[in-house]
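# Architecture and fold: a report
Listed below, chain by chain, are the residues.
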Amino acid sequence: MASPCGSLPGLAAVLAELYKCSVNANATRPTQDVEELARAILCGVHAHRRHGKDAADVSCLALTLISKMVAAVTSHAAHCCHDVLEVLLQDLDVVSQMVSLSRSDATANANANVLLLLQVGNFSCEDHVIRHMAAKSASACVVYQLQESGVVNPAWRGTCERALLSLPAGPRLDACLWSLTCVLQKLLRDNRQELVRTLVTAFDASVSAAAARFLPAGHAVANAVANDDAIADTFCLLLDLLEVLLAASAAVASSGARSPNLTSVHAAALMADVSRAPHYFVRKRVALLLKRALLRKAGEDWLGACGETAAPPADVGRLAAAAVDAVAADWLPSIRVELPSYLGGTGGGGEAGKCDTAMLRAVSLLVIKSVQHRPTSAAAGAGETGVHLARLWRFLREKGVRPPDGRHDCAVLPLLFAEQDDDLMEAAKAALAIFLRLRDVCGWDESTGDQSSCAAGCNPHCHFLFFLRAVSWDHRILLDFLVSAETCFLEYLLRYLRHLRSDRRGFAASCRRLDAEGPPGTGAWAGAWDCLVRLRLLVARLHRNKLFPYKADALLRLLTQTAERLRPD
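The structure reproduced in this document is the subject of the present report. (Residues numbered from 1 in each chain as written. Predicted model: local features only at pLDDT ≥ 70, side-chain atom pairs only at ≥ 80, totals over all residues. Heavy atoms only, no water.)

## Some remarks on the overall build of the protein chain
- Along its length, the protein chain carries 32 helices and 2 strands.
- The buried share among the 569 residues of the protein chain stands at 53%.
- Long-range pairs, those at least 24 residues apart, make up 72% of the contacts in the protein chain between residues at least 6 apart in sequence. (Helix = DSSP H or I, 4+ residues; strand = E, 2+ residues; numbered from the N terminus. Buried < 20%, exposed > 50% of the residue type's maximum accessible area, 1.4 Å probe, protein only. Contact = heavy atoms within 4.5 Å.)

## Section: the packing of aromatic side chains
- Across all of its chains, the model carries 9 aromatic pairs by this definition.
- Taking 5.4 Å as the distance between ring centres and 75° as the angle between the ring planes, the aromatic pair formed by tryptophan 156 and phenylalanine 203 counts as edge-to-face. Of this pair, tryptophan 156 sits in helix α10 (residues 154-165) while phenylalanine 203 sits in the loop between α12 (193-202) and α13 (204-214), and the two are 47 residues apart along the sequence. Both residues of the pair, tryptophan 156 and phenylalanine 203, count as buried.
- Where phenylalanine 507 meets tryptophan 525, the ring centres are 5.3 Å apart and the plane angle is 65°; that geometry is what we call edge-to-face. Of this pair, phenylalanine 507 sits in helix α30 (residues 504-517) while tryptophan 525 is found in helix α31 (residues 524-544), placing the two residues 18 residues apart along the sequence. An identical accessibility class is assigned to phenylalanine 507 and tryptophan 525; each is buried.
- Through pairs of rings, three or more aromatic residues link up here, namely Phe464, Phe467, Phe481, Phe489, Tyr492 and Tyr496. (Phe/Tyr/Trp six-rings, centres within 6.5 Å; stacked < 30°, edge-to-face > 60°.)

## Quick word on the packing of helix α28 (residues 475-483) against α31
- Packing of α28 against α31 leaves a shortest axis separation of 9 Å and a crossing angle of 50°. As far as their axial angle goes, α31 and α28 are oblique. As α28 packs across α31, the resulting crossing turns out to be right-handed. Judged by residue contacts, His475, Arg476, Leu478, Leu479 and Leu482 of α28 engage Cys531, Arg534, Leu535, Leu538, Val539 and Leu542 from α31.
- Its residues assigned to classes, the contact of α28 with α31 comprises 8 nonpolar, 1 polar and 2 charged. (Axes fitted to C-alpha atoms, helices over the stretch in contact; angles between N-to-C directions. Parallel < 35°, antiparallel > 145°, perpendicular 65-115°, else oblique. Left-handed = near helix turned anticlockwise from the far one by under 90°. Nonpolar A, V, L, I, M, F, W, Y, C, P; charged D, E, K, R; others polar.)

## Thoughts on unusual backbone geometry
- Phi is positive for arginine 296, close to 55°, though the residue is something other than glycine.
- Tracing the sequence through the fold places arginine 296 in the loop between α19 (280-295) and α20 (300-303).
- With a phi angle near 60°, lysine 546 is a residue other than glycine that sits in the positive phi range.
- Within the fold, lysine 546 resides in the loop between α31 and α32 (553-565).

## Thoughts on the nonpolar core
- Ranked by size, the top nonpolar core spans 195 residues in total, and within it Trp156, Leu199 and Trp331 carry the most contacts.
- For tryptophan 331, the residues in contact, after removing those within four places along its chain, are Met271, Val274, Ser275, Ala326, Val363, Leu366 and Val367. (Core = buried A, V, L, I, M, F, W, Y, C linked by side-chain atoms within 4.5 Å.)

## Quick look at helix α1 (residues 8-23)
- Between its first and last C-alpha atoms α1 spans 23 Å; for 16 residues at 1.5 Å apiece the expected length is 22 Å, and the two agree.
- Turning to α1, its buried residues are Leu8, Leu11, Val14, Leu15, Leu18, Cys21 and Ser22. All buried residues of α1 fall inside an arc of 145° around its axis, so they share one side. In this structure, α1 carries Pro9 and Lys20 as exposed residues pointing more than 90 degrees from its buried face.
- Buried residues in α1 make contact with α2 (34-45), α3 (47-51), α4 (56-74) and α5 (80-91).
- Structurally, the start of α1 carries an N-cap: the backbone nitrogen of glycine 10 is 3.3 Å from a side-chain oxygen of serine 7. (Expected span 1.5 Å × (residues − 1). Arc of directions from axis to C-beta. Polar contact = N/O pair within 3.5 Å; in protein donor to acceptor, adjacent residues only side chain to side chain.)

## Things to note about the pattern of salt bridges
- For the coordinates displayed, the defined rule picks out 27 salt bridges.
- Between glutamate 243 and arginine 292 there is a salt bridge; the shortest N-O distance is 3.2 Å. In this pair, glutamate 243 is assigned in helix α15 (residues 232-247) and arginine 292 in helix α19, connecting sequence segments 49 residues apart.
- The exposure class of glutamate 243 is buried, given its relative accessible area of 4%.
- Relative accessible area serves as the criterion here: at 10%, arginine 292 is assigned to the buried category.
- When salt bridges that share partners are traced, they join Asp240, Glu243, Arg285, Arg292, Glu300 and Asp301 into one network. (Salt bridge = Lys/Arg side-chain N within 4 Å of Asp/Glu carboxyl O.)

Right, here's the structure in full:
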């Protein structure tokens, strides 16, 4: 029988024929038997080591073929792949040969030509493309084996644990971080919570050790890590893994287990990295992670789930405390914000001198949500909260977020978040919560609450009126927000209307101020009242005809009460 690792053109032809079979169930099955096909794939995985760079495409084809075969077997789309995949996983142990190859790993293979190639795993390959595709293919195999048997592949687990626990950082650690993140993401998307718990528990100690190494609490060591340009990519891969672990916290908590929230444990170091990391993309990535952790929306980009992920109050409180302490220590002025990036480079396509608003929004939400979650004592009053918010408004103004009148701090948030609806609603909801807490703690009444809240930049009436003016008092846009699952507008609107119906005087004061500061046009009071009345009529008609997506009785009741309360005299 000819060796499956014969000529490179012959090997490429066999792999191409098998690839067609994996993507098309009606394709002609290769003439080789199952074992020959499996060994051909294995030879292809290592072709770049035997034949040099000229065989890189063959290695990529073999690695891609493994992923396609897993997908085909999982979806029952190509029956010719099942037996070949089983030989690869069980007899040839292809996962161990992709991730880490020691002599003991290779002893199970009888083919001498294959043994010559078992010197180093593709996770350590210097070719970035091959290394990435090896991590992708190994991850697909690990997920398949987990779903079939509930067992974590021992070779993959051992390689990842050794990489997480060892120094220095390098290609193998990068591949392991990416692979572990990929496997967890796939299990979370498939809602396999039991398997998520199994995987998180298995890697708890090693991931915690890696986080302690890259996210030290001591600033001297943190500077040494942050200023090493060679590990910037590794650092970002670790941040991706931390976000996935945040998203997985619900699955872990449901079993009664308690895994440390590494983002909150190392919150102080992460806050420092927002201002101190030498690469801007690293600073921005850390800020976005911290923002999502506080909003409890980890994994929103890839999980596709609405709502909030589970996060114990202690974890949120620890993260909020670290952020507030950093703001008190003059953290905001040390944050460097660059021009926004576009496909054509940096700064093109935007206004001259305009800072990256995505970074500004992340930092702003981080501060506002932290102030919201930080308890306010009666002794401290509004002073401490006002100082923290004043520092934020000053920071934003210095970065170019300046309201037209230049004085009203309540106008800063609507201006900053004008292009990001979900963040706008989160900021408005947090500002409302801060106002209500300060009103209760400080004893603000109708005469003092308006001025004090405007001074702190957290007047909920101003925020709501700025929002209505930005959408031209159009009730149909509010309806779009109400039926959308992408924002927390319904929750915000219900909370605000409960406050509005009992604070006509404060609402009137905000209307007068906006009319005096804003351009000529529709008066704030008339515009808001008309918008809410029209919204109530539209929602009522849709609800009556069973065209509204959820039960709207509470919303309609509040809209009716508020409209009556605000009816012009």
